[in-house]
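# Understanding the architecture of this molecule
The lines below spell out each chain.
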Amino acid sequence: MATLALARSPQQAPPPAPTQAPQDVTRSLHAGSAAQVVRSAQGAGQAAKDARDVEPAAQDATRGVSAQVAIDAATQSGLGMDRGILFRITPPETMAGSTAASTGTRSGPAVGYLFGTIHFGTPEEQGLDYGKLGQLLHGVAVYANEADVDSRWDTRLDIYRWLPMNTPLSGMIGAAAMAQAKDLLPDVQQRDLQRMRPWMVLALLEARGEHGGDNSADIRLQRIASGMGKRLVHLETLEAQLKALDCVPPVQHARVLQERLNKPLYLQLDSAESMASYRARDLGAWLADVDRMEGLSDAAKQIEQRSRLCLLEDRNAKWIGTIESLYREAPTLVAVGALHLMGQNGLIARLRHDGFKVEVVPM
């Protein structure tokens, strides 16, 4: 899954991290969620401004990467169901009926929406129209996302991002891999790179060196919803998210990082294919691409599989109860990383299993 967003460094972080966090990328597990870790640098009035200035996205552009890549992948893998990134969610009639009976009213179930985000790239690359997304937000009462992107940074959370002073990254991945990382991340200071936990470096590499910051979809949508006065619900705390990102011990995750650095071309291909799949609205092809873990040894694949369980399946299981309750109670727009939607344990499968109607909304 890939998207990145490195947490912005708080003032007291040891040592100071890059002043601006590179934003989401492509397809590694670490990337997608990390975007939520980015803390807002804008003033309180920006949310209201965003709500007024929801701009239409420009059309077509993928930095030369054709969406045909994702279409071909979907054809080869046989994945074609539920092609979309926006879904209309209708609660089971029995649940809506019981609510109506308790209030003495008769009304149909409240319709909500489930939107899959990608945490890197521009609106033009993503093919997103924030004007239409703003209209959706106007029509709901609740906006829910992964974590509060505007929460104040707690320096106690630095333990999930930084290695101990006596355990530099170069000692885990070797001098050659460290040199490659520095070449690929020229904007990151050497002292910061030495302190980053492996998942942070992977996230940065998968981010194409971008510095999306406050322009990411996750931050934009929360601020638009806040400016509209919508009720905001966060499915997890920032600490819970960081724990998921850091669930594999650094010494093990370093092996994945080392192998990725030995084959940097795969990072570029992964990023391009992820964006192409998103633009083609083919999340199934994107998930299949993630599952292949091309370029990794069997041992590294096992480590990445543990990361996937922490970042996707485990978090979906924790979120689903809250998400279903929100859909039953009021019209709600839930926006989470796109890969959380797909797969046997994805949010769409879980909602359908529990009787919710899920329909693709073309974008």
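Further remarks concern helix α6 (residues 130-138). Those residues of α6 that fall on the buried side of the exposure criterion are Tyr130, Gly131, Leu133, Gly134, Leu136 and Leu137. As for α6, its buried residues are in contact with β1 (86-90), β2 (112-117), α5 (123-126), β3 (142-145), α11 (217-227) and β5 (332-337).

As a further point, take the pairing of β3. Residues of β3 alternate between two faces, with Val142 and Ala144 on one and Tyr143 and Asn145 on the opposite face, all of them buried. With four bridges joining them, β3 and strand β4 (residues 231-234) adopt parallel strand pairing. Bridge pairing links valine 142 to arginine 231 in β4. Where β3 and β5 come together, four bridges link them in parallel fashion. Looking at β5, one finds that alanine 144 is bridged to valine 334.

Moving on, we get to the packing of aromatic side chains. Taken as a whole and judged by the stated rule, the model has two aromatic pairs. Seen in terms of ring centroids, tyrosine 278 and tryptophan 286 are 6.3 Å apart; in terms of plane orientation they differ by 90°. Their pairing is edge-to-face. We classify tyrosine 278 as buried; its relative accessible area is 0%. For tryptophan 286, a relative accessible area of 2% corresponds to the buried category. Summarising the aromatic geometry, the rings of tyrosine 327 and phenylalanine 356 are spaced 6.4 Å apart at their centres and angled 55° between planes, so their arrangement reads as tilted. Of this pair, tyrosine 327 sits in helix α16 (residues 298-329) while phenylalanine 356 sits in the loop between α17 (347-353) and β6 (357-360), and the two are 29 residues apart along the sequence. Both residues of the pair, tyrosine 327 and phenylalanine 356, count as buried.

Definitions and cut-offs
- Residues numbered from 1 in each chain as written.
- Predicted model: local features only at pLDDT ≥ 70, side-chain atom pairs only at ≥ 80, totals over all residues.
- Heavy atoms only, no water.
- Buried < 20%, exposed > 50% of the residue type's maximum accessible area, 1.4 Å probe, protein only.
- Helix = DSSP H or I, 4+ residues; strand = E, 2+ residues; numbered from the N terminus.
- Contact = heavy atoms within 4.5 Å.
- Pairing = 2+ DSSP bridges.
- Phe/Tyr/Trp six-rings, centres within 6.5 Å; stacked < 30°, edge-to-face > 60°.

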